[in-house]
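What follows is each chain in one-letter form.
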Amino acid sequence: MIENEDWEPTGQNYSDDEDRSEENRYTNKSGEDDDNDDSGDTNDSDEDQLADAPEGEVTVERYSERQKMRIFDGEFLPHIDAMYNFAFRLTFDEDDAKDLVQETYLKAFRFINSFEEGTNAKAWLFRILKNSFINDYRKKSKEPAKVDYNDVESYYNSEDAQVEMTTDLRVESLRDMIGDEVSNALNSLAVDFRTVIILCDLEGFTYEEMAKILDIPIGTVRSRLHRARNLLKDKLRSYAQSMGY
Amino acid sequence: MEKTDNQGCCSEHDRCLEILQLVLDGEASDTEKEYYMHHIEECMPCYRNYNIESEIRNILRSKLEKKPVPTDLVTVIRSKVNETA
Ligand SMILES: [Zn+2]
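Residues numbered from 1 in each chain as written. Chains lettered and ligands numbered in written order. Predicted model: local features only at pLDDT ≥ 70, side-chain atom pairs only at ≥ 80, totals over all residues. Heavy atoms only, no water.

Student: Help me get a handle on the overall build of chain A, residues and values and all.
Tutor: Within chain A, the secondary structure is distributed over 14 helices and zero strands. Moving toward the C terminus, one meets the helices and strands of chain A in the order α-α-α-α-α-α-α-α-α-α-α-α-α-α. Here chain A, with 245 residues, has 56% of them falling under the buried criterion. A separation threshold of at least 6 residues defines the contact pool for chain A, and within that pool the share at least 24 residues apart is 76%. Accessible surface computed for chain A: about 10600 Å², of which carbon and sulfur atoms make up 44%. (Helix = DSSP H or I, 4+ residues; strand = E, 2+ residues; numbered from the N terminus. Buried < 20%, exposed > 50% of the residue type's maximum accessible area, 1.4 Å probe, protein only. Contact = heavy atoms within 4.5 Å. Areas by Shrake-Rupley, 256 points an atom, 1.4 Å probe, with all protein chains shown as cover.)

Below is the structure:
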């Protein structure tokens, strides 16, 4: 939470003003308990589980030790594969990914009383992992701290970007691509754009789940996804061109 | 066949692009889905967009290699958890 400002890709140069003000409203809340007063876009029955940040204090002992282990083994550990792959796509480093996943699981266990058995464990875990990444790993990773605004700006300021893209990129070119090219295109995106694509396209989270995992309104999920996809498409198009597909 | 294809863009291009995302992400309402599926039957640019966008999602799902979880990771996590339990 503390690192939110640093993590947010948005800044003065961001192209969508409406979107920006929305972000401000949600991320500039003060204090550690800002997870408990979510409103608007993120209301639903899962709210409590996802909104209860693992950083918060848990005083109620909801589960016995045996129940805790059952939840941990039955609901948390089965997601380790997705968690590890998410961590690796965030850090680009096997050891960091391993540490990040380990830390996430230890936190999840420590705050297991704020998890309601049988609810969306995967989204809950992804949220913890994302927060751990921001707070602990972001600093030491090679990832630049901010979105490359030039990248974003030049794309959005180019009037015919959309037209150019749809005419140049062909379905056949995409089908001919190899995994490494797709992977490089995805990895070249700034972490916030990469993240929404991973969550949506690889992990199949809904917009609502993504909003909770990322602590942003659904409207921001949508606009960020839209931008991310356009940037990805741009990358794929230049791969296709350079490979002569 | 490309009767609405003027300047590579249909008259409702922005709205179409927006709905397309919702359709492919499984977040569109029935009305939006119906509108879009009907629209692409007669709008070539949007039809092309639809194919490109869904193929991008396909290749993301099918071509990205999954990293195998390190074999000792679960063991390490479990033993650390047992220490604290
Ligand atoms: Zn159209």
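Now, onward.
Student: A description of the overall build of chain B should follow, citing residues and the corresponding values.
Tutor: Counting secondary structure elements, chain B contains four helices and zero strands. Listed by position from the N terminus, the elements making up chain B come as α-α-α-α. Looking at chain B as a whole, 42% of its 85 residues are labelled buried. Across chain B, the fraction of contacts at a sequence separation of at least 24, relative to all contacts at a separation of at least 6, is 57%.

Student: Report on the nonpolar core, specifying residues and quantitative values.
Tutor: In terms of nonpolar packing, the biggest core is built from 84 residues, with Phe76(A), Val101(A), Tyr105(A), Leu232(A) and Tyr36(B) touching the most fellow members. Among the elements that make up this core, the one with the highest residue count is helix H7 (residues 121-137) of chain A (nine residues). Discounting chain neighbours no more than four positions away, the residues touching Phe76(A) are Ile71(A), Tyr105(A), Ala108(A), Ile112(A), Phe115(A), Ala121(A), Trp124(A) and Leu125(A). (Core = buried A, V, L, I, M, F, W, Y, C linked by side-chain atoms within 4.5 Å.)

Student: I'd like a rundown of the interface of chain B and chain A, residues and numbers included.
Tutor: Chain B puts 37 residues into the contact, and the matching count from chain A is 46 residues. Counting the surface lost from both chain B and chain A, the interface buries some 3900 Å², and carbon and sulfur atoms represent 65% of this. When the buried area of chain B at its contact with chain A is split by residue, Leu60(B), Lys63(B) and Lys67(B) rank highest and sum to 16% of it. At the boundary of chain B with chain A, the tally comes to nine salt bridges. Across the salt bridge formed by Arg175(A) and Glu55(B), the nearest N and O atoms sit 3.5 Å from each other. Along the contact surface separating chain B from chain A lie 14 residue pairs in polar contact (both at pLDDT 80 or more). Listed by contribution, the elements that provide at least two residues to the side of chain B that touches chain A are helix H1 (13-24), helix H3 (44-63) and helix H4 (73-84) of chain B. Looking at the side of chain B that touches chain A element by element, the count peaks at 11 residues for H3(B). When grouped by side-chain class, the residues that make up the side of chain B that touches chain A number 16 nonpolar, seven polar and 14 charged. (Buried area = accessible area lost by both parts, 1.4 Å probe. Salt bridge = Lys/Arg side-chain N within 4 Å of Asp/Glu carboxyl O. Polar contact = N/O pair within 3.5 Å; in protein donor to acceptor, adjacent residues only side chain to side chain. Nonpolar A, V, L, I, M, F, W, Y, C, P; charged D, E, K, R; others polar.)

Student: Provide a residue-level description of the packing of aromatic side chains, including the pertinent values.
Tutor: Residues and elements named next belong to chain A. Per the counting criterion, the structure on display carries nine aromatic pairs over all chains. Geometrically, the ring pair formed by phenylalanine 72 and phenylalanine 109 is edge-to-face, given 5.5 Å between the ring centres and 90 degrees between the ring planes. Of this pair, phenylalanine 72 sits in helix H4 (residues 65-76) while phenylalanine 109 sits in helix H6 (residues 94-110); the two residues are 37 residues apart in sequence, bridging distant segments of the chain. Ring centres of phenylalanine 86 and phenylalanine 126 lie 4.8 Å apart, and the angle between their planes is 15 degrees; this geometry places the pair in the stacked category. Note that phenylalanine 86 is positioned in helix H5 (residues 80-91) and phenylalanine 126 in helix H7, a separation of 40 residues in sequence. For the pair phenylalanine 86 and phenylalanine 126, a shared accessibility class is recorded, and that class is buried. Lying across the ring of phenylalanine 205, lysine 122 places its NZ or CZ 5.1 Å from the centre. (Phe/Tyr/Trp six-rings, centres within 6.5 Å; stacked < 30°, edge-to-face > 60°. Lys NZ or Arg CZ within 6 Å of the ring centre and 35° of its normal.)

Student: Run through unusual backbone geometry, naming residues and quoting values.
Tutor: Residues and elements named next belong to chain A. Non-glycine residue phenylalanine 92 carries a positive phi angle of around 60 degrees. As for its position among the elements, phenylalanine 92 is in the loop between H5 and H6. Using a relative accessible area of 34% as the deciding quantity, one classes phenylalanine 92 as partly exposed.

Student: Requested: an account of the packing of H6(A) against H7(A), with residues and values cited.
Tutor: Residues and elements named next belong to chain A. Closest axis-to-axis distance for the H6/H7 pair is 9 Å, and the angle between their directions is 120 degrees. Looking at the two axes, H6 sits oblique to H7. You can see that H6 and H7 cross each other, and the crossing is right-handed. For the pair H6 and H7, contact is made by Asp96, Asp99, Leu100, Val101, Glu103, Thr104, Tyr105, Lys107 and Ala108 and by Trp124, Leu125, Ile128, Leu129, Ser132, Phe133, Asp136 and Tyr137, respectively. Counted by class, the contact of H6 with H7 contains 10 nonpolar, two polar and five charged residues. (Axes fitted to C-alpha atoms, helices over the stretch in contact; angles between N-to-C directions. Parallel < 35°, antiparallel > 145°, perpendicular 65-115°, else oblique. Left-handed = near helix turned anticlockwise from the far one by under 90°.)

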